[in-house]
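Report on the structure
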Amino acid sequence: MTALLPGPGMSEHLLTIPQVMACLQLGRSAVYDLLRTRQLASITLGRARRIPTHALTEFIHSRLDQEAA
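What comes next concerns the included structure. (Residues numbered from 1 in each chain as written. Predicted model: local features only at pLDDT ≥ 70, side-chain atom pairs only at ≥ 80, totals over all residues. Heavy atoms only, no water.)

1. Focus on the packing of helix α1 (residues 17-24) against helix α3 (residues 53-68)
Inclusion rule: Each axis is a line fitted through C-alpha atoms, taken for helices only over the stretch in contact, and angles between the N-to-C directions span 0 to 180 degrees. A helix here means a DSSP run of H or I that spans at least four residues, while a strand means a run of E at least two residues long, and both kinds are numbered starting from the N terminus. An angle below 35 degrees is treated as roughly parallel, one above 145 as roughly antiparallel, one from 65 to 115 as roughly perpendicular, and anything else as oblique. By convention, the crossing between two helices is left-handed when the near helix turns anticlockwise from the far helix through less than a right angle, and right-handed when the turn is clockwise. By definition in these notes, contact holds between two residues if any of their heavy atoms fall within 4.5 Å. Amino acids outside the nonpolar list (Ala, Val, Leu, Ile, Met, Phe, Trp, Tyr, Cys, Pro) and the charged list (Asp, Glu, Lys, Arg) are all regarded as polar, and Gly is one of them.
One can describe the packing of α1 onto α3 by two numbers: an axis separation of 12 Å at closest approach and a directional angle of 30 degrees. Judged by the inter-axis angle, α1 sits roughly parallel to α3. Crossing of α1 against α3: the hand is right-handed. Residues Val20, Cys23 and Leu24 of α1 form the contact with α3, whose own contacting residues are Leu56, Phe59 and Ile60. Here the contact of α1 with α3 is composed, by residue class, of six nonpolar, no polar and no charged.

2. Details of the pairing of strand β3 (residues 48-52)
Operational definition: Strands pair, by our definition, only if DSSP identifies at least two bridges between them.
One ladder, built from two bridges, connects strand β1 (residues 14-15) with β3; its direction is antiparallel. Considered in β3, the bridge of Leu15 is made with Ile51. Both strand β2 (residues 43-45) and β3 contribute to a ladder of three bridges, which runs antiparallel. Directly across from Ile43, in β3, lies its bridge partner Arg50. Hairpin connection, β2 to β3: the antiparallel pair is bridged by two residues, and Gly46 has positive phi, about 65 degrees.

3. Things to note about the packing of α1 against helix α2 (residues 28-36)
Helix packing geometry: the angle between the two helix axes and the distance between the axes. Viewed as axis vectors pointing N to C, α1 and α2 meet at an angle of 105 degrees, and their least axial separation amounts to 9 Å. With respect to α2, the element α1 is oriented roughly perpendicular. Between α1, through Ile17, Pro18, Val20, Met21 and Leu24, and α2, the contact on the second element is made entirely by Arg28, Val31, Tyr32, Leu34 and Leu35. Residue classes in the contact of α1 with α2 are distributed as nine nonpolar, no polar and one charged.

4. Here we look at the pattern of salt bridges
Our working rule: For this analysis, a salt bridge means a side-chain nitrogen from Lys or Arg found within 4 Å of a carboxyl oxygen belonging to Asp or Glu.
Applying the stated criterion to the full structure yields one salt bridge. The salt bridge involving Arg36 is made with Asp33; its shortest N-O contact spans 3.3 Å. Of the two residues, Arg36 and Asp33 are both situated in helix α2; the distance of three residues between them amounts to about one turn of the helix.

These figures come from the coordinates and say nothing about function on their own.
What follows is the structure, given as structure tokens:
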């Protein structure tokens, strides 16, 4: 997953649904459920849905915080 996330000094990246599926090791329906319920933020460019890397990182951190509580 770290290969897809920007490092220091790198610009923001947008991920496709298949890239997010690979990062989270989830199926397409599960990723779209996260988007539909707004647990994972995204933007729409024309007909394409893209997930900013910071949104994926925030989602992962929030889930880790929930699991720790």
